[in-house]
Protein chains: 2
Amino acid sequence: MPREIAERRDAIPALGEVFREHGFSGSSLAEISQHTGLGKGSLYHFFPGGKTEMAEAVLDDVTNWFEENVFSTMLDSKHPEGVIRSMFEAVNCYFRSGERTCLVGAFALNDTRDRFGDRISKYFNAWTDALTSALKRTGFSEKNAAETAEDIIVSIQGALVLARSKQDAEVFIRTLKRLQRRIATEPHGV
Amino acid sequence: MPREIAERRDAIPALGEVFREHGFSGSSLAEISQHTGLGKGSLYHFFPGGKTEMAEAVLDDVTNWFEENVFSTMLDSKHPEGVIRSMFEAVNCYFRSGERTCLVGAFALNDTRDRFGDRISKYFNAWTDALTSALKRTGFSEKNAAETAEDIIVSIQGALVLARSKQDAEVFIRTLKRLQRRIATEPHGV
DNA sequence: TACAGTATATACCAATCAGTACAATAATGC
DNA sequence: GCATTATTGTACTGATTGGTATATACTGTA
């Protein structure tokens, strides 16, 4: 039995970059091959399902990252205020202060969603649930926690769109600050 | 001199649908030809610049629609409150209560932006300026007007992303309501 | 009816597409 | 060192890509 080489995993960051840059249908195997440094032989060895399987792997990787670095602590931490603050830090870090794009959101906006709909909704549902849970434990009412969580995720996604549209990452940074300020000052009740 | 047939204009809504559905690179001329009902001959007759010119025409059409139906009245109306309310109505109508996607935002999220960056930023800058102007006239301070305008456009864009991601147009409807409520209750000062 | 300019259909192009086949090579376990 | 298996490079496929060339049909005007 040969070793379980983890090279498949090693290719995923580069794959993510390609899909982020060109979208799904705009990412040719030639581009993917060039950017990952893997020939077609290797690519189809690691991803027999072709482009679709590559994108699935990237989406899973994104979700896993958020699951491990963000969602999990939000669901069970004893200090929800700190957890929400660190969510904003993680988000700011992951999206490179607005320079990076959200692959999941980008895939959702056209028919690419048809291929990966389950993974796309899973990502956003997990985020919504985790954030709602944390907000409730800071004293938000049930209803208000859900609405605020949606508001925050909406704003983060929109800020990524607008920052990239205007080529102005400050939009993203300002939005994160505004959201944090609002959480701190808003009434938490019904 | 022959008649100035406006058939080029007539093709634009169908072109918009194709680009919205498949993205720019995902829209093949075959698909475009089928969906518009125009053969390649006609397409290249009306749009000698090919796909790029078709997308430019669609983006210009989108911007013109907002310019005429939304931005212009926001810049000079005597009744800014009513104008802002009717902006939300127009937005809700244009995006079909969250069922439709923002073509400009979608183009911005990957390298399609490189081709159409000027039109993309023009669209969002015009929107930001018009909304800021209207908010100022409702009593918002200069700084707060600008920040609130950005907040609103960010939220609209993000709501479109999230609504389509979750296949739940209610996200969009809720977001519009929340934004209007916030404008009505928020302190307008510095 | 003749003409000019518009509109469209069709055939065609070289390039690229995603994906396959397979032989050659490299790594591993025994 | 041998057998097995993982990995990779290369050549190939048939389909599709965006775009061009061109011949024909249409339309309004004189």
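Residues numbered from 1 in each chain as written. Chains lettered and ligands numbered in written order. Predicted model: local features only at pLDDT ≥ 70, side-chain atom pairs only at ≥ 80, totals over all residues. Heavy atoms only, no water.

Draft legend 1. Spotlight on the relation of the copies chain B and chain A. By a simple turn and slide, chain B fits onto chain A: the slide is 0.0 Å along the axis, the RMSD is 0.0 Å, and the turn is 180°. In the structure described here, the two chain copies are related by an operation that fits a two-fold rotation axis. Considering only C-alpha atoms, the part of chain B nearest the rotation axis is Gly158 of chain B, at 1.7 Å. The residues that chain B uses at the interface reappear at the interface of chain A in 100% of cases, marking a shared surface. (Least-squares fit on C-alpha atoms with pLDDT ≥ 70 in both. Contact = heavy atoms within 4.5 Å.)

Draft legend 2. Molecular detail of helix H8 (residues 142-166) of chain A. Residue and element names in this part refer to chain A. For H8, spanning 25 residues, the distance from its first C-alpha to its last is 36 Å, which sits close to the expected 36 Å at 1.5 Å a residue. Within H8, 20 of the 25 residues are buried, leaving the element largely enclosed by the surrounding structure. Remark: Gln167 follows H8 within two positions and exhibits a positive phi of approximately 50°. (Helix = DSSP H or I, 4+ residues; strand = E, 2+ residues; numbered from the N terminus. Expected span 1.5 Å × (residues − 1). Buried < 20%, exposed > 50% of the residue type's maximum accessible area, 1.4 Å probe, protein only.)

Draft legend 3. Representation of the interface of chain B and chain A. Listed by partner, the interface residues are 42 residues for chain B and 42 residues for chain A. The tally of links from chain B across to chain A stands at twelve salt bridges. Two residues, Arg178 of chain B and Glu147 of chain A, come together in a salt bridge whose shortest N-O distance is 3.5 Å. Linking chain B with chain A are 22 residue pairs in polar contact (both at pLDDT 80 or more). Mapped onto the side of chain B that touches chain A, the elements with two or more residues apiece are helix H1 (7-22), helix H6 (103-108), helix H7 (112-137), helix H8 (142-166) and helix H9 (170-185) of chain B. With 15 residues, H8 of chain B is the single largest residue contributor to the side of chain B that touches chain A. When the residues that make up the side of chain B that touches chain A are grouped by side-chain class, the tally is twelve nonpolar, 16 polar and 14 charged. (Salt bridge = Lys/Arg side-chain N within 4 Å of Asp/Glu carboxyl O. Polar contact = N/O pair within 3.5 Å; in protein donor to acceptor, adjacent residues only side chain to side chain. Nonpolar A, V, L, I, M, F, W, Y, C, P; charged D, E, K, R; others polar.)

Draft legend 4. Representation of the packing of aromatic side chains within the structure. Residue and element names in this part refer to chain B. What the rule picks out here adds up to 34 aromatic pairs over all chains. Between Phe66 and Tyr123 the ring centres are 5.3 Å apart and the planes differ by 85°, which places this aromatic pair in the edge-to-face class. Here Phe66 is found in helix H4 (residues 51-76), whereas its partner Tyr123 is found in helix H7, with 57 residues between them in sequence. You'll find Phe66 and Tyr123 in the same group, each marked buried. Ring centres of Tyr123 and Trp127 lie 5.8 Å apart, and the angle between their planes is 75°; on these two criteria the pair is classed as edge-to-face. Here the residue Tyr123 and the residue Trp127 both occupy positions in helix H7, the gap between them amounting to four residues, near one helical turn. (Phe/Tyr/Trp six-rings, centres within 6.5 Å; stacked < 30°, edge-to-face > 60°.)

Draft legend 5. Local environment of the confidence of the model for chain A. Taken as a whole, chain A shows an average pLDDT of 94; of its residues, 96% reach a score of 70 or greater. With pLDDT under 50 throughout, residues 1-5 of chain A is counted as low confidence; its partners more than four residues away or in other chains account for zero contacts. (pLDDT = per-residue confidence, 0-100.)

Draft legend 6. Highlighting H9 of chain B. Between its first and last C-alpha atoms H9 of chain B spans 22 Å; for 16 residues at 1.5 Å apiece the expected length is 22 Å, and the two agree. Those residues of H9 of chain B that fall on the buried side of the exposure criterion are Val171, Phe172, Thr175, Leu176, Arg178, Leu179, Arg182 and Ile183 of chain B. Buried residues along H9 of chain B cover an arc of 165° about the axis, so they all sit on one side. Turned more than 90 degrees from where H9 of chain B packs its buried face, Lys177, Ala184 and Thr185 of chain B sit exposed. Next to the buried residues of H9 of chain B lie H8 and helix H9 (170-185) of chain A together with helix H5 (80-94) and H8 of chain B. (Arc of directions from axis to C-beta.)

Draft legend 7. Here's a closer look at the packing of H5 of chain B against H9 of chain B. Residues and elements named next belong to chain B. Taken N-terminus to C-terminus, the directions of H5 and H9 make an angle of 175°; their axes are 11 Å apart at the nearest point. One element, H5, and the other, H9, form an angle in the roughly antiparallel class. In contact with Ile84, Arg85, Phe88, Val91 and Asn92 of H5, H9 contributes Phe172, Leu176, Leu179, Gln180 and Ile183. A per-class count over the contact of H5 with H9 returns seven nonpolar, two polar and one charged. (Axes fitted to C-alpha atoms, helices over the stretch in contact; angles between N-to-C directions. Parallel < 35°, antiparallel > 145°, perpendicular 65-115°, else oblique.)

Draft legend 8. How the structure looks around the packing of helix H5 (residues 80-94) of chain A against helix H7 (residues 112-137) of chain A. Residue and element names in this part refer to chain A. Relative to each other, H5 and H7 sit at 145°, their axes nearing to 8 Å. Residues Pro80, Ile84, Met87 and Val91 of H5 pack against Trp127, Leu131, Ala134, Leu135 and Arg137 of H7. Of the residues assigned to the contact of H5 with H7, the class counts are eight nonpolar, no polar and one charged.

Draft legend 9. Focus on empty space enclosed by the protein. For the structure shown, the criterion picks out two cavities of 30 Å³ or more. Put simply, the largest cavity is a space of about 200 Å³. Taken together, 26 residues line the largest cavity, and the ones lying closest to its centre are Gly23, Ala106 and Asn110 of chain A together with Gly23 and Asn110 of chain B. Sorting the residues of the lining of the largest cavity by element identifies helix H1 (7-22) and helix H6 (103-108) of chain A together with H1 and H6 of chain B as the ones contributing at least two each. Class assignment for the residues of the lining of the largest cavity results in twelve nonpolar, twelve polar and two charged. One number sums up the size of the second largest cavity: a volume of about 40 Å³. For the lining of the second largest cavity, the residue count by class is three nonpolar, one polar and three charged. (1 Å grid on protein atoms, 1.4 Å probe; cavity = no way out; pocket = protein on both sides within 12 Å on 5 of 7 lines; lining within 4 Å. Points joined across faces, edges and corners; volume = space filled by probe spheres on them.)

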